[in-house]
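Here are the chains, one letter per residue:
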Amino acid sequence: MILLKPVSLFNTLSRKVEAIKTYEEGKVRMYSCGPTVYNVAHIGNLRTFLFQDLLKRVLSASGFSITHCMNITDVEDKIIRDSQVGLHSKVSNDDRHEKMSEFTDHFTNIFFKDLEALKIMPATIYPKATDHIPQMIKLIEQLICKDLAYTQNGSVYFRLKNFEGYGQLSRISLDASTSEAKDQDEYDREHASDFVLWKAAKSAEPFWNSPWGPGRPGWHIECSAMGMNILGDHIDIHTGGVDLIFPHHENEIAQSEGCLGHPWVTHWSHGEFLLVENEKMSKSLGNFYALKDLIERGIEPIHFRFMIQSNHYRKLFNFSFEGLKASKASIERIKNFRRRMEEPVSESIASWDGPMGPVDRINKAREEFWAALRDDLNSPEALAALFTMISDLNTLDDQVPFSSHERKQVLSFLDETNGIFEAWPGTMNESDGDIEALIQERIDAKKNKDWKRADEIRDRIQSQGITLEDTRDGQSKWFRR
Ligand code: AMP
Ligand code: ZN
């Protein structure tokens, strides 16, 4: 039997940090609203996917097994607008669908590459909305049967006044949302805040046949239908960015709980927004970045990953290029410490005798690290525990060199922490970028006549099967043997 460690998480529903209780012991069913694939993901979207990665890694390290479902929204207004450009009005519905899926496949593939570059653990399943149209139609039919939905000119709307409990997540009352929706009411709805479940097809749009005529699903129904079909009637954790609380998640609750007649999701968890230089990201402000824009500026995806993961997921985060430099420096600090601990030492060095030696110090940090992460994913505090330990151990190792057994303990704790942050590799066989950085450090050390450091770096590079050749102009060439 696996021993489960309790994990607490802020629940948007209760506005409290609560211990995660799963419907089935030790098993987490988690649903995350995935990308709308009409463009590449921006770094704000990626922040939300990184927060979900942090949550999954902490749950998994605490003994939970996770079934994670993340949908791909591959039919939606902007997708239709951008994928159908230049198509003649007489084009067949099949051809329209083909164009739409070519378009969304392209961005879906880029999305998966971004996840890989950022070492985001893949979901168990990525259902596409367009593969679940029959399930959406069935759910809408059930809602109509329960008088929770009605048809109007080939579209179907949710009848909000018949669903008690609307607003429980966002704490927005029906009246408030009504006044918000009034101005934008372009449809023929019974009530301004009734939201669309099925949209009648406009001309020149790809469509599916339905009991209400040709059309396509609304966005909210997608997540209810896929979540209920794939994860079932009880979901433990549902995640997304804070912008989805209202109306998207509120509407998901209305649809799913309206159909099921009981609570659907136990824990609603939302990640805060990312701003760029204190502004909301937008194309018009010129502060809209995708991962590839960062890579083109020479930034390694892992530095971006660490920058996001080192901030609390529930705090607004202000992205800046300066901040990325600090993340890189923090990772370097851990890597340097790791290298120090990997250097071979004489077997004759004995382990610490007495209390508060290196092993006790590691155990203290280990306790603090996990306690922070299991308390609402407090990653800044977890990292503070790690960095304080590194300073202390550096000092301690200066005073009394650690034995090889103690060094192994340190390395194993670094591996353990890297299981969450994925930013300091298990063995220091450096990437090409790291080697270049080391070579530069060696050149600088030589300029400063720090021969000891220059030699240390040369030995370390050479120990990785790399040939280093110094050139006459003070530079170095290198290649892997
Ligand atoms: P979308 O592709 O627009 O449906 O968004 C995918 C995810 O990114 C959703 O969970 C959104 O809540 C989230 N998101 C959108 N913009 C931002 C942002 N600036 N910062 C953080 N998350 C965001
Ligand atoms: Zn959703």
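Please read all numbers here as calculations on a predicted model, not as lab measurements. (Residues numbered from 1 in each chain as written. Chains lettered and ligands numbered in written order. Predicted model: local features only at pLDDT ≥ 70, side-chain atom pairs only at ≥ 80, totals over all residues. Heavy atoms only, no water.)

**Q** Which residues make up the coordination of the zinc ion (ligand 2), and what values go with them?
**A** Around the zinc ion (ligand 2), the protein contributes the donor atoms Cys-33 (SG), Cys-223 (SG) and His-248 (NE2), which lie 2.1 to 2.2 Å from the metal centre. For the zinc ion (ligand 2), the single-chain donor residues occur in sequence as C-x189-C-x24-H. Of this pair, Cys-33 sits in the loop between β3 (27-32) and α1 (43-61) while Cys-223 sits in helix α6 (residues 219-231), and the two are 190 residues apart along the sequence. Of the residues examined, Cys-33 reaches a relative accessible area of 6% and is grouped as buried. Judged by relative accessible area, Cys-223 falls into the buried class, the value being 0%. (Donors = N, O, S within 2.8 Å, 3.2 Å for Na, K, Ca; no water. Helix = DSSP H or I, 4+ residues; strand = E, 2+ residues; numbered from the N terminus. Buried < 20%, exposed > 50% of the residue type's maximum accessible area, 1.4 Å probe, protein only.)

**Q** Now, about helix α9 (residues 301-309): what can you tell me, with residues and values included?
**A** The element α9 is largely enclosed, with a buried count of nine among its nine residues. Along α9, the residues that are buried comprise Pro-301, Ile-302, His-303, Phe-304, Arg-305, Phe-306, Met-307, Ile-308 and Gln-309.

**Q** Go over the site of ligand 1, please, and point to the residues and values.
**A** For ligand 1, the set of nearby residues contains 15 residues, the closest of which are Thr-36, Gly-44, Thr-48, Asp-243 and Leu-274. Take Gly-44: an N or O atom from its main chain is 3.0 Å from a nitrogen atom of ligand 1. Alone, ligand 1 offers 490 Å² of accessible surface; in the complex the protein occludes 87% of this. Secondary-structure elements contributing two or more residues to the shell around ligand 1 are α1 and β9 (235-241). If one sorts the elements of the shell around ligand 1 by residue count, α1 sits on top with four residues. Its residues assigned to classes, the shell around ligand 1 shows five nonpolar, eight polar and two charged. (Near = heavy atom within 4 Å. Polar contact = N/O pair within 3.5 Å; in protein donor to acceptor, adjacent residues only side chain to side chain. Areas by Shrake-Rupley, 256 points an atom, 1.4 Å probe, with all protein chains shown as cover. Nonpolar A, V, L, I, M, F, W, Y, C, P; charged D, E, K, R; others polar.)

**Q** Outline the domain arrangement of the protein, listing residues and values.
**A** Parsing the protein into structural domains produces domain 1 (8-271), domain 2 (279-421) and domain 3 (432-480). Here the C-alpha centroids of domain 2 and domain 3 sit 25 Å apart. (Domains from an automatic or database assignment.)

**Q** Provide a residue-level description of the sheet that holds strand β7 (residues 196-200), including the pertinent values.
**A** One open sheet holds the four strands; their spatial order is β5-β6-β7-β8, and the pairing between them is antiparallel. A strand with exactly one partner marks an edge of an open sheet, and here the two such strands are β5 (149-152) and β8 (215-217). Within the sheet, the average angular offset between the axes of one strand and its neighbour, ignoring direction, is 25°. One ladder, built from two bridges, connects strand β6 (residues 155-158) with β7; its direction is antiparallel. Residue pairing for β7: Val-156 is matched across the bridge by Trp-198. Helix α4 (residues 133-145) rests against β5, β6, β7 and β8 of the sheet, and its axis sits at about 115° to β7. (Pairing = 2+ DSSP bridges. Axes fitted to C-alpha atoms, helices over the stretch in contact; angles between N-to-C directions. Contact = heavy atoms within 4.5 Å.)

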